[in-house]
Amino acid sequence: MRGTLTARQVARVMRADTIQRDIVKVEYAVRGEIAIRAEQLRKQLSDAPGSLPFTRITNCNIGNPQQLEQKPITFFRQVAALVDYPDLITSPQAASIFAPDAIARATKYLAAVQSVGAYSHSQGVPVVRQEVADFISKRDGFPANPEHIFLTAGASPAVQMVLNAVISHPKVGIMIPIPQYPLYTASIALFNGTAVPYYLEEEKNWGLSTVELAKSLAKARLEGVEVRALCIINPGNPTGQTLSWDNMNEIVEWCKKERIVLLADEVYQTNIYKPAELPFHSFRRVVKSKGPAYDDFELISFHSVSKGMIGECGRRGGYFECTNIDPEVMAQFYKIASISLCPPVHGQLMVGLMTNPPRDGDASYPLYQEEMEGIFASLQRRAETLAKALNQLEGVSCNDAQGAMYLFPTITLPAGAVAHAKALGKNPDEVYCLELLEETGVCVVPGSGFLQKEGTWHFRSTFLAPENQMGEFAESLARFHEKFLSKYR
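About the criteria used
- Residues numbered from 1 in each chain as written.
- Predicted model: local features only at pLDDT ≥ 70, side-chain atom pairs only at ≥ 80, totals over all residues.
- Heavy atoms only, no water.
- Helix = DSSP H or I, 4+ residues; strand = E, 2+ residues; numbered from the N terminus.
- Expected span 1.5 Å × (residues − 1).
- Buried < 20%, exposed > 50% of the residue type's maximum accessible area, 1.4 Å probe, protein only.
- Pairing = 2+ DSSP bridges.
- Axes fitted to C-alpha atoms, helices over the stretch in contact; angles between N-to-C directions.
- Contact = heavy atoms within 4.5 Å.
- Core = buried A, V, L, I, M, F, W, Y, C linked by side-chain atoms within 4.5 Å.

Novice: Tell me about helix H17 (residues 428-440), and please be specific about residues and values.
Specialist: Between the first and last C-alpha of H17 there are 18 Å, a value that for 13 residues agrees with the 18 Å anticipated at 1.5 Å per step. Counting buried residues in H17 gives 11 out of 13 residues, a clear majority hidden from the surface. Looking at H17, one finds that the buried residues are Pro428, Asp429, Glu430, Val431, Tyr432, Cys433, Leu434, Glu435, Leu436, Leu437 and Thr440. Positive phi appears at Gly441, one or two residues downstream of H17, with a value of about 80°.

Pasting the structure below:
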């Protein structure tokens, strides 16, 4: 690389060939080349309207609901407004603008933090951690300890903090699902660990088998990898599957037998579209239900305000809970959290609102229920509409979404497209997604960015586009797909 540098570049201390190599290795597909190109096209549309064959960019590459016109929950935003500008609480107009329970909640939070512009406790505002503990206790039927809960700037930093602690040398292995959310491969690369892939079964609705886990584990151990943790995303991202209780119980027993820490990414726990058939169960509940024999079972669970019907991605709020984790390890988590002083206080309070929303009898409850149920029903309809549209395309097969915010169809591409991609040095599904963007303004993520079985091609799309645009979205996708196949046959 040095031979291609100019004299001015050589004089710089920080260059791509001198910075930390693990940073250079990191890849993150959902914000990669295609997303960058989408932003370039968005700017072009702004600077030169009518210069492209579409009028807007539709970002289906990332679960960012409010970017795609999902409305925020009124109660949450009323509390947020009041804590941001406390003088509103005593304003003569307050009672006509804000619900009384929103005023009461804002007053409670302000008493706890003094100001949202002040640092909080590094582990998180104690009042909010108690709300999270109460939420977990009610959800699982087993008491939770607020001292075992860490509030974070979203679930992603929480995952990274834990992975950074687990990976103590390059041969530490972290088992990750394939397809996987790129946060995991990126973070494992950043912390110089070893990703140990296990494959989900597409033909069984992206099911997870302990036989596959055992096969993956045996291979890694044979290669000298010290496998310490198993990551499970439930409901799944990018695949949208939801695990059954029996399957989860089997996984927990397998982890105990193999002495593996379970990392449970449960940020989509309210995005459950077949609740009668496949309701959400937390791994914590499964573990606790197994009694004292599992009191040494190590589990860390993650949740976030970014998903569900809330979609407050920009607030950056989340938490992780430690179950049966060594107190000395939790002390190290606290030390690392302290380096950043505290998570964003706005995000912490949103976690409190998520876990302690209005209850039946509260002034805000009827509107809260109406908004939550309306968003949920719309997500269900959009998931069904998009899956149906995808399954009507030639050479495309798509499982229904059982949960989360995504569909992950498999696409059969012509030999000409595969050859063209090879000539460009790209994966065939990357070419498909790039051309889709250039022709329709729809931004999705190629399956190769999530990893996939060799010889198969996919893309991930959210179904977050506004419901009144789903018909147009499906039609433009169908036109492009037919044109793409004809072009490369």
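Back to the text.
Novice: Would you mind going over the sheet that holds strand E3 (residues 172-178) in detail, with residue names and values included?
Specialist: Sheets are built from strands that pair by backbone hydrogen bonding, the pairs being arranged parallel or antiparallel. The 7 strands are arranged E2-E8-E7-E6-E5-E3-E4 in an open sheet whose pairing can be described as mixed. Each having just a single partner strand, strand E2 (149-152) and strand E4 (194-199) make up the two edges of the open sheet. Between one strand axis and the next, the sheet turns through 20° on average, direction left out of account. Direction of pairing for strand E6 (residues 261-265) relative to strand E7 (residues 299-304): parallel, over a ladder of 4 bridges. Pairing of Ala264 across the sheet is with Ser301, part of E7. Along the sheet face, helix H8 (residues 155-166) touches E2, E3, strand E5 (226-233), E6, E7 and strand E8 (318-323) and points at about 160° away from the line of E7. Lying on the sheet, helix H14 (residues 345-355) is in contact with E2, E7 and E8; it crosses E8 at an angle near 70°.

Novice: Which residues make up the nonpolar core, and what values do they have?
Specialist: In terms of nonpolar packing, the biggest core is built from 89 residues, with Tyr319, Leu390, Tyr432 and Phe484 touching the most fellow members. Looking at this core, the element that brings in the most residues is helix H15 (residues 365-391), giving 8 residues. Val225, Met248, Val252 and Leu299 belong to the second-largest nonpolar core, a separate cluster that totals 31 residues.

Novice: Now, about the pairing of E7: what can you tell me, with residues and values included?
Specialist: Among the 6 residues that make up E7, 6 are buried, leaving the element largely enclosed by the rest of the structure. Where burial is concerned, the two faces of E7 agree: the one with Leu299, Ser301 and His303 and the one with Ile300, Phe302 and Ser304 are both buried. Inspection of the sheet shows E7 paired to E8 by 6 bridges, in the antiparallel sense. Bridge pairing in E8 places Ser304 opposite Gly318.

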